[in-house]
Amino acid sequence: QMDDGGREGALAPRDLLFAQTLLSEIGGAARRTARVFAGALQDLYGMVTRSLLSDAQSRAALAMQILDRNLYERANDCRWWALTPQFASTLRTGETGCARASAVLRDINALYTVYSGLALFDRQGRVVAVSRAEHEPHVGAALGDAPWVARCLGLADEQHYVVSDFEPNRFSAEPAFVYAAAVRGE
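**Some points on the overall build of the protein chain**
Next up, step 1: When its secondary structure is counted, the protein chain shows four helices and six strands.
Next up, step 2: Beginning at the N terminus, the succession of helices and strands in the protein chain can be written as α-α-α-β-β-α-β-β-β-β.
Next up, step 3: Here the C-alpha radius of gyration of the protein chain, 38 Å, is well above what a compact globule of 186 residues would show, namely 16 Å.
Next up, step 4: Projected onto its principal axes, the C-alpha positions of the protein chain cover 125 × 30 × 30 Å.

Below, the structure is given as structure tokens:
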């Protein structure tokens with residue numbers, strides 16, 4: 001192509017204006033497309049974030065319900081076991097290390113594996129029987145001044161129970177809750 005001055009390859013002013021306009025429109029379209037994509041990505045990011053947050057909230061609520069149910073079951077377990085006639089009989093005789101009471105505790109612990117161990121203690125807070133062989137050295141020992149022991153010994157009836165703080169205790173080096181209920185009929 002020749003321009004008005006006879007030079008080959010040069011654009012006419014009209015063509016130059018068209019090219020500039022065309023490039024400007026292409027640039028404008030690219031900027032609009034980039035804005036649309038950025039907006040879509042931002043919306044997608046917000047939707048994913050909301051979805052993840054909603055999922056986390058649902059899981060947290062479920063975990064709280066499971067924990068609540070678990071703690072409720074632990075309270076019922078210890079109150080139910082406190083009604084075992086063998087425990088009242090053992091406490092009545094004052095026998096320490098009673099094989100029958102320990103056998104009952106072992107059987108219960110074998111069925112309820114969520115517990116790291118079960119123990120029977122008397123009115124002085126002295127361990128009388130345990131469910132696990134590794135806890136046998138504690139038989140005959142006083143539980144000491146753990147606040148939950150004193151609260152358990154002061155329970156008014158079989159409907160009440162106590163729970164320790166979540167902390168290490170005589171039977172567990174790892175933090176754990178201790179649930180306790182009073183044995184009646186001794």
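Next, the rest of the story.
**Here's the deal with the side chain of His135**
Next up, step 1: Mapping His135 onto the fold places it in the loop between strand S2 (127–130) and helix H4 (147–153).
Next up, step 2: Those residues in contact with His135, other than ones at most four positions away along the chain, are Ser116, Gly117, Val130 and Phe171.

**Regarding the layout of surface pockets**
Next up, step 1: By volume, the largest pocket is sized at about 860 Å³.
Next up, step 2: In terms of lining residues, the largest pocket is bounded by 40 residues, among which Cys78, Ala119, Val178, Tyr179 and Ala180 are the most central.
Next up, step 3: Put simply, the parts of the chain that give the lining of the largest pocket at least two residues each are helix H1 (13–81), helix H2 (85–93), strand S1 (119–121), H4, strand S5 (172–176) and strand S6 (179–180).
Next up, step 4: In terms of residue count, the dominant contributor to the lining of the largest pocket is H1 (five residues).
Next up, step 5: Its residues placed into classes, the lining of the largest pocket shows 29 nonpolar, six polar and five charged.

**Observations regarding the packing of H2 against helix H3 (residues 99–111)**
Next up, step 1: One can describe the packing of H2 onto H3 by two numbers: an axis separation of 9 Å at closest approach and a directional angle of 150°. When the axes of H2 and H3 are compared, the pair comes out roughly antiparallel. Remark: the crossing between H2 and H3 carries left-handed chirality. Residues Gln86, Phe87 and Thr90 of H2 form the contact with H3, whose own contacting residues are Arg100, Ala101, Val104, Leu105 and Ile108.
Next up, step 2: Tallied by class, residues from the contact of H2 with H3 come to five nonpolar, two polar and one charged.

**A short note on the pairing of S2**
Next up, step 1: Sheet topology places S1 next to S2; three bridges connect them, and they run antiparallel. Residue Leu120 lies in a different strand from S2, and its bridge partner there is Ala129.
Next up, step 2: Linkage of S1 to S2, two consecutive antiparallel strands, is achieved through a turn of five residues, within which Gly125 is found at a positive phi near 80°.

**Considering the pattern of salt bridges**
Next up, step 1: A complete count under the given rule lists five salt bridges for this structure.
Next up, step 2: Its salt-bridge partner being Glu73, residue Arg69 comes within 2.9 Å of it at the nearest N-O pair. Highlighted residues: Arg69 and Glu73, both in helix H1, separated by four residues, approximately one helical turn.
Next up, step 3: Residues joined in a network through salt bridges with shared partners are Arg69, Glu73, Arg74 and Asp77.

**Considerations on the environment of Val183**
Next up, step 1: Mapped onto the elements of the fold, Val183 is located in the segment after S6.
Next up, step 2: Val183 sits 141 residues away from Gln42 along the chain, and the two C-alpha atoms are 63 Å apart.
Next up, step 3: What Val183 contacts, discounting residues up to four positions off in sequence, is Ala82, Phe87, Ala88, Leu91 and Leu120.

Reading guide: rules and limits
Residues numbered from 1 in each chain as written. Predicted model: local features only at pLDDT ≥ 70, side-chain atom pairs only at ≥ 80, totals over all residues. Heavy atoms only, no water. Helix = DSSP H or I, 4+ residues; strand = E, 2+ residues; numbered from the N terminus. Rg over C-alpha atoms; globule rule 2.2 N^0.38 Å. Contact = heavy atoms within 4.5 Å. 1 Å grid on protein atoms, 1.4 Å probe; cavity = no way out; pocket = protein on both sides within 12 Å on 5 of 7 lines; lining within 4 Å. Points joined across faces, edges and corners; volume = space filled by probe spheres on them. Nonpolar A, V, L, I, M, F, W, Y, C, P; charged D, E, K, R; others polar. Axes fitted to C-alpha atoms, helices over the stretch in contact; angles between N-to-C directions. Parallel < 35°, antiparallel > 145°, perpendicular 65-115°, else oblique. Left-handed = near helix turned anticlockwise from the far one by under 90°. Pairing = 2+ DSSP bridges. Salt bridge = Lys/Arg side-chain N within 4 Å of Asp/Glu carboxyl O.

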